[in-house]
Amino acid sequence: MGVFSTDPKTTLFLQSAFEELKESQVEVRFYKRDIKIKEDIFVDGYFDDSNKIIAVKKNRQWIQTFVHEYSHFLQWKYKDPSYLAYTNRDYDPIEITEKWIEDKIDYSTLVSKSFRIVRRNEYECEKKSIQLIKEFDLPVDIEMYSRRANVYLIFYHMVEKTKMWNLKKNL
């Protein structure tokens, strides 16, 4: 497993999650620094269904990031409608939003629709994450997690409004 916790409930959750990930042949990678996914775009974690990888930055909130990315894995594995919204189209909503941010395409109903798909998926993922935190009684402050999740969802609204992914850099 490679990741340990002094909290028995967290250990139980991790054992369960890692077993399910292993069965699905999903690799988990932990990083000591921000994870660069594109030029000037850094994240604390991601789930890549094509390459079957969960990546997580090992910081103070790593368990929250892991739960979130694991929830994306569960969406993929169990064919959650908000996750299928990515694949049931002749375009990739993430790719459309990125092209718009990079000025490769003009804003259109397709861009707007793509942002809605992304936000809906993240909303469903956050609900699943909170459910897992409660189910396993993980040492995560649910109120604080919920606030951060709301900020994350608002972030996508701000990206659509400002056309900037790295808002901190541009403030």
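Residues numbered from 1 in each chain as written. Predicted model: local features only at pLDDT ≥ 70, side-chain atom pairs only at ≥ 80, totals over all residues. Heavy atoms only, no water.

**A few points about the packing of aromatic side chains**
Operational definition: Geometry of aromatic contacts follows a simple scheme: Phe, Tyr and Trp rings, the Trp one being its six-membered ring, pair when their centres are within 6.5 Å, and the pair is stacked under 30 degrees between planes, edge-to-face over 60, tilted otherwise. Numbering goes from the N terminus for both helices and strands, where a helix is a DSSP run of H or I of at least four residues and a strand is a run of E of at least two. Residue exposure (1.4 Å probe, protein chains only): buried if accessible area is under 20% of the type maximum, exposed if over 50%, otherwise partly exposed.
Applying the stated criterion across every chain, the model contains 16 aromatic pairs. Judged by centre distance (6.0 Å) and plane angle (10°), the ring pair of F66 and Y70 falls under stacked. Within this pair, F66 and its partner Y70 are both found in helix 2 (residues 62-77), separated by 4 residues, close to a single helical turn. Each member of the pair, F66 as well as Y70, is classed as buried. Ring centres of Y152 and Y156 lie 5.4 Å apart, and the angle between their planes is 75°; on these two criteria the pair is classed as edge-to-face. In this pair, Y152 and Y156 are both assigned in helix 6 (residues 142-162), 4 residues apart and thus about one turn of the helix distant. Here Y156 falls in the buried class, since its relative accessible area comes to 6%.

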